[in-house]
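Structural description and commentary
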Amino acid sequence: MEREGARRALGRRLEAVLASRGEANAVFDILAVLQSEDPEEVQDAVRACSRLFGALLERGELFVGPLPPEETVMAGSQGATRKYKVWMRHRYQSCCNRLVELLAHSSFQVKELALSTLMKFVQLEGTHPLEKPRWEGNYLFPRQLFKSVVEGLLPVEEDRSLLLSQFREYLEHDDIRYHTMKAAADTMARVTDRHPEVPLTFWNNAFTLLSAVTLPRQESDISSFYVKHAELSDKWKVTHLKEHRKAFQQMWLSFLQHKLPLSVCKKVLVIMHEAVLPHLAQPSVMIDFLTRAYDIGGAISLLALNGLFILIHEHNLEYPDFYRKLYGLLDPSVFHVKYRARFFHLADLFLSSSHLPAYLVAAFAKRLARLALTAPPEALLTVLPFVCNLLRRHPACRVLVHRPWGPELDADPYDPGEEDPAKSRALESSLWELQALQRHYHPEVSKAASVINQLRSEPEVRIAPFLELTAFEIFERDLRKKGSEAVPLEFIPAQSLLGRPDDLCAQHFTLS
């Protein structure tokens, strides 16, 4: 009952302020409730402020233009209407500042309501600007208010992923997306300037926001505006896809120019080839980031391959020692990482060219064959067809399986510790590892290894169906196999428990 009474009192104050300027001081009582410790009271106050300042914006009762200091205006000789508008504009400013603070409230319902109210004010300010246009047809957007919203979504210490997921719905609007990219770049620059060591939480928040931004494919798709305009002008940057691409590129560059934690770097690389590179104004600006990531090694290098593949094949990137570093990524861990399928798919593409030298292809085939000796069955079912395909594409490498006039070898000349494939002496060796795998305990692996004996007659095999294969799937597949008819275990049918009457066991034992 007490809470219901407080809600009605709040409603009466709201109606009084809207009905008469003489009751304007009641705004202080409404704003005071925003400071309450009770989440429900705060929500009531946020709704009241939403109605109050929403109505004042629509009526044009807030001061328009650069906001002068309150004390100066109140002490001056300006008219009562001007004083009222300036005074109420300051109250509106206080309300917006408090709503941004509420984005850090412990109650998610309060955060969500504060965000939706701020975005309502952004929409109303865009429709009823609080700044004067510099020229006729000037594009006006409440940049300062919106920038404070984005800053509130990217705190340094607190995880805002849940609130950012709510903000995604606004990013469907072209103007909100454009100004989000601008504001995010400014916010990241400000935070990194103020904090020598930026916490992981901030980078995670920033990545969550940046990864939610997706650009339209063509300019005709830019038609959804959160702030409604009677007519769109071609002079406005927000209406051109080229400007969106520039803002998108600047946003990502401002993020990637910093030394990111490895966990965030992995997330970026996972989406780089699909969600970032296709939308950049100049994809080649990502060369430095991708080459640095590729040089790190391990899973980071595997993930960087996708982006590098796009830059090499579509944007003519020249990367010295690329194949040498790709060769260096082949170690036992490659069969166990989460991104194994992606790695082998890209390696297959990189090694598909018929212009590659035979020594290079032989080095990759030999390294994979050697690693296959200790690989699990699910990985072998990818690696073995992969190696066989390499030999089919490059006939000069078939000496690894058939060298009719070669000398007999007392030891394998291949050097597995050599980092340079040109010096590994793989072309002087043989793929004896595949012959050993023909005796593998798993019949499918044994069958796959035996294909090496029919290279000429067998066509190239698509490895795509095997890339995602797991040990569980192999086990389930084996269980579903239907065996042949019952296998006889005794060639002479048994006639009694102790055998036939003339058996030694039946002569000396009886059942009683």
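Presented here is an overview of the structure given in this document.

Cut-off values and rules
- Residues numbered from 1 in each chain as written.
- Predicted model: local features only at pLDDT ≥ 70, side-chain atom pairs only at ≥ 80, totals over all residues.
- Heavy atoms only, no water.
- Helix = DSSP H or I, 4+ residues; strand = E, 2+ residues; numbered from the N terminus.
- Rg over C-alpha atoms; globule rule 2.2 N^0.38 Å.
- Contact = heavy atoms within 4.5 Å.
- Areas by Shrake-Rupley, 256 points an atom, 1.4 Å probe, with all protein chains shown as cover.
- Lys, Arg positive; Asp, Glu negative; His and termini not counted.
- Charge placed at Lys NZ, Arg CZ, Asp CG, Glu CD.
- Expected span 1.5 Å × (residues − 1).
- Buried < 20%, exposed > 50% of the residue type's maximum accessible area, 1.4 Å probe, protein only.
- 1 Å grid on protein atoms, 1.4 Å probe; cavity = no way out; pocket = protein on both sides within 12 Å on 5 of 7 lines; lining within 4 Å.
- Points joined across faces, edges and corners; volume = space filled by probe spheres on them.
- Nonpolar A, V, L, I, M, F, W, Y, C, P; charged D, E, K, R; others polar.
- Salt bridge = Lys/Arg side-chain N within 4 Å of Asp/Glu carboxyl O.
- Polar contact = N/O pair within 3.5 Å; in protein donor to acceptor, adjacent residues only side chain to side chain.
- Axes fitted to C-alpha atoms, helices over the stretch in contact; angles between N-to-C directions.
- Parallel < 35°, antiparallel > 145°, perpendicular 65-115°, else oblique.
- Left-handed = near helix turned anticlockwise from the far one by under 90°.
- Phe/Tyr/Trp six-rings, centres within 6.5 Å; stacked < 30°, edge-to-face > 60°.
- Lys NZ or Arg CZ within 6 Å of the ring centre and 35° of its normal.

**As for the overall build of the chain**
Along the chain, the regular secondary structure elements total 23 helices and 0 strands. Computed over C-alpha atoms, the radius of gyration of the chain comes to 35 Å, more than 25% over the 24 Å expected from 2.2 N^0.38 for 512 residues, which places it beyond the range of a compact globule. With respect to the principal axes defined by its C-alpha atoms, the chain has extents near 125 × 80 × 45 Å. Of the contacts made within the chain by residues no fewer than 6 positions apart, 71% connect residues no fewer than 24 positions apart. Within the structure as shown, the chain displays about 27300 Å² of accessible surface, and the carbon and sulfur contribution to it stands at 52%. One finds the centroid of the 61 positive side-chain charges in the chain at a distance of 4 Å from the centroid of its 64 negative side-chain charges.

**Focus: helix 18 (residues 377–393)**
Here helix 18 is 17 residues long and its end C-alpha atoms lie 25 Å apart, about the 24 Å a rise of 1.5 Å per residue gives. For helix 18, the tally of buried residues reaches 17 of 17 residues, placing the bulk of the element in the interior.

**Points about the layout of surface pockets**
The computed volume of the largest pocket comes to approximately 840 Å³. Forming the walls of the largest pocket are 32 residues, and the residues nearest its centre are E131, F141, P142, R143 and Q144. Contributions of two or more residues to the lining of the largest pocket are made by helix 5 (80–101), helix 7 (143–153) and helix 9 (174–194). For the lining of the largest pocket, the element with the highest residue contribution is helix 5, accounting for 6 residues. Of the residues in the lining of the largest pocket, the class split is 15 nonpolar, 8 polar and 9 charged.

**Thoughts on the environment of V33**
If you trace the backbone, V33 turns up in helix 2 (residues 26–33). Residues V33 and A45, spaced 12 residues apart in sequence, show a C-alpha to C-alpha distance of 5.8 Å. Once residues within four sequence positions are removed from consideration, V33 is found in contact with L10, E41, V42 and A45.

**A word on the pattern of salt bridges**
Throughout the structure, instances matching the rule amount to 23 salt bridges. In this structure, the salt-bridge partner of R98 is E101, at a minimum N-O distance of 2.9 Å. With R98 and E101 both in helix 5, this residue pair falls 3 residues apart, about one helical turn. Residue K366 is joined to E433 by a salt bridge in which the shortest nitrogen-to-oxygen separation is 2.8 Å. Residue K366 is found in helix 17 (residues 358–372), and its partner E433 is found in helix 19 (residues 432–437); the two are separated by 67 residues along the sequence. The structure contains a network of salt bridges with shared partners spanning E4, R7, R8, D44 and R47.

**Details of the side chain of R340**
As for its placement among the helices and strands, R340 is situated in helix 16 (residues 340–350). E378 provides the closest opposite charge to the buried, salt-bridge-free R340, at an N-O distance of 4.9 Å. At 3.4 Å, the side chain of R340 and the backbone oxygen of F335 are in polar contact. When sequence neighbours within four positions are dropped, the list of residues in contact with R340 reads V334, F335, E378, A379, L467 and L469.

**Looking at the packing of helix 12 (residues 262–276) against helix 13 (residues 287–296)**
It is the contact of helix 12 with helix 13, at a shortest axis distance of 12 Å, that shows an interaxial angle of 120°. On the basis of the axis angle, helix 12 is oblique to helix 13. Along this stretch, helix 12 crosses helix 13, giving a crossing that reads as left-handed. Contacts from L262, C265, V268, L269 and M272 in helix 12 reach F289, L290, A293 and I296 in helix 13. Among the residues making up the contact of helix 12 with helix 13, the classes are represented as 9 nonpolar, no polar and no charged.

**Observations concerning unusual backbone geometry**
Phi angles above zero are rare outside glycine, and N316 is one such case at about 55°. Note that N316 resides in the loop between helix 14 (298–314) and helix 15 (322–328). For R425, which is not glycine, the phi dihedral falls at a positive 60°. Position of R425 relative to the elements: it lies in the loop between helix 18 and helix 19.

**Quick word on the packing of aromatic side chains**
In the structure shown here, the tally under the stated rule is 22 aromatic pairs. With 5.3 Å between their ring centres and 80° between their planes, F309 and F350 make a pair best called edge-to-face. Here F350 lies in helix 16 and F309 lies in helix 14, a separation of 41 residues in the sequence. F350 shares its class with F309; the two are buried. Between Y327 and F364, the ring centres sit 5.5 Å apart and the planes meet at 80°, which makes this aromatic pair edge-to-face. Here Y327 is found in helix 15, whereas its partner F364 is found in helix 17, with 37 residues between them in sequence. Take Y327: its relative accessible area is 0%, and that puts it in the buried class. Each residue in the set Y294, F309, Y319, F322, Y323 and F350 is aromatic and connected to the rest through ring pairs, giving one cluster. Above the face of the W87 ring, R91 is positioned so that its terminal group lies 5.0 Å from the ring centre. Lying over the aromatic face of Y327, R367 brings its terminal NZ or CZ to 4.1 Å of the ring centre.

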